[in-house]
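Coordinates in review
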Amino acid sequence: MTLIAILIATLAAGIGSVWLAAGLMRLGFLARPDTGPGGVGPQHLLSLAAGALLATAFMHLLPEAFESQAGAKELFSTLLVGVVFFFLLDKAELWHHGHEHHHDDEHGHNHGHDHGHHHAHAPVRSGGWAVLTGDSVHCFGDGILIASAFMADIRLGLVAALAVLAHEVPHHIGDLAVLRLSSRNRRAALVKVSLAGAVTALGGLIGWWLVDRLQEYLPYFLVVASSSFIYVALADLIPQLQKRLTARETAAQIAWLLVGIGLVTVVSGLAHSH
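Residues numbered from 1 in each chain as written. Predicted model: local features only at pLDDT ≥ 70, side-chain atom pairs only at ≥ 80, totals over all residues. Heavy atoms only, no water.

What follows covers helix 2 (residues 42-66). An ideal rise of 1.5 Å per residue puts 36 Å on 25 residues; helix 2 measures up with 35 Å between its terminal C-alpha atoms. Largest kink in helix 2: about 35°, centred on Ala 57. Across the 25 residues of helix 2, 20 count as buried, placing the element largely inside the fold. (Helix = DSSP H or I, 4+ residues; strand = E, 2+ residues; numbered from the N terminus. Expected span 1.5 Å × (residues − 1). Bend = angle between axes of the 7 residues up to and from the residue. Buried < 20%, exposed > 50% of the residue type's maximum accessible area, 1.4 Å probe, protein only.)

Each pair of packed helices can be described by the angle between their axes along with the distance between the axes. At a minimum axis separation of 9 Å, helix 2 and helix 8 (residues 218-241) run at an interaxial angle of 155°. Taken as axis vectors, helix 2 and helix 8 run roughly antiparallel relative to one another. Judged by the twist between their axes, the crossing of helix 2 over helix 8 is left-handed. The residue makeup of the contact of helix 2 with helix 8, split by class, is 22 nonpolar, five polar and one charged. (Axes fitted to C-alpha atoms, helices over the stretch in contact; angles between N-to-C directions. Parallel < 35°, antiparallel > 145°, perpendicular 65-115°, else oblique. Left-handed = near helix turned anticlockwise from the far one by under 90°. Nonpolar A, V, L, I, M, F, W, Y, C, P; charged D, E, K, R; others polar.)

Attention now goes to the packing of helix 3 (residues 72-91) against helix 8. At their nearest, the axes of helix 3 and helix 8 sit 8 Å apart, and the two run at 45° to each other. The pairing of helix 3 with helix 8 is recorded here as oblique in orientation. Note that helix 3 runs across helix 8; the crossing there is right-handed. Here Glu 74, Leu 75, Thr 78, Leu 79, Gly 82, Val 83, Phe 86, Phe 87 and Asp 90 of helix 3 lie close against helix 8, whose contacting residues are Pro 219, Tyr 220, Val 223, Val 224, Ser 226, Ser 227, Ser 228, Ile 230 and Tyr 231. When the residues that make up the contact of helix 3 with helix 8 are grouped by side-chain class, the tally is 11 nonpolar, five polar and two charged. (Contact = heavy atoms within 4.5 Å.)

This is the structure in structure tokens:
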């Protein structure tokens, strides 16, 4: 039962986020960085994703880990090592969490939004395979993190899957934008990114197998998952929101951040009620 839930949740987070990203792009919500009053833009999605990731890490994953018999010092040490580890992966350009398009500008490509990726600096004529490779590695890691949460509690897994979904939407918007530069075929781009997103389920399967055999280390898996969410939110998403804005734009950022936190809280409450 747990494995089935993991596979469904990872597919929803991995592939569902791709289709949601494509839908938002098709509807024109994210056509410009500044959508104007009342519009939904990239900055709003970044705020929502950051709120969801931080709420999941600090309000759910970490409390669950600290309720175990594991020592606080060991868990905090694991959190520190995890943050440093994901920083090193980011530096090695394996994790590919970046959403800025400054690399694209070096090749004369402007996507018209703030969601190009660190891996988007690969020449577009390559067909976007560098993007897909990096995205697959990223999705595989997400799958392991979701599986770790499910192994602790199915309701916790649902919350983690929601946080990943929220983060993956702006991530996949960048992927689709890069691939569409290499091909006019939008359907082909959607299929390629969807296949990369499906790797999340493979990560979930491997994560289930691994955690099932290392149950005593489950609190540490949860802390590692937390360190990933915290690193992405604080090192990647929030820095992109720290720019000089009007009072109205700043209020909108804060509002969407709170929406992300509230969304996780509501889903958690509904899961617990059932």
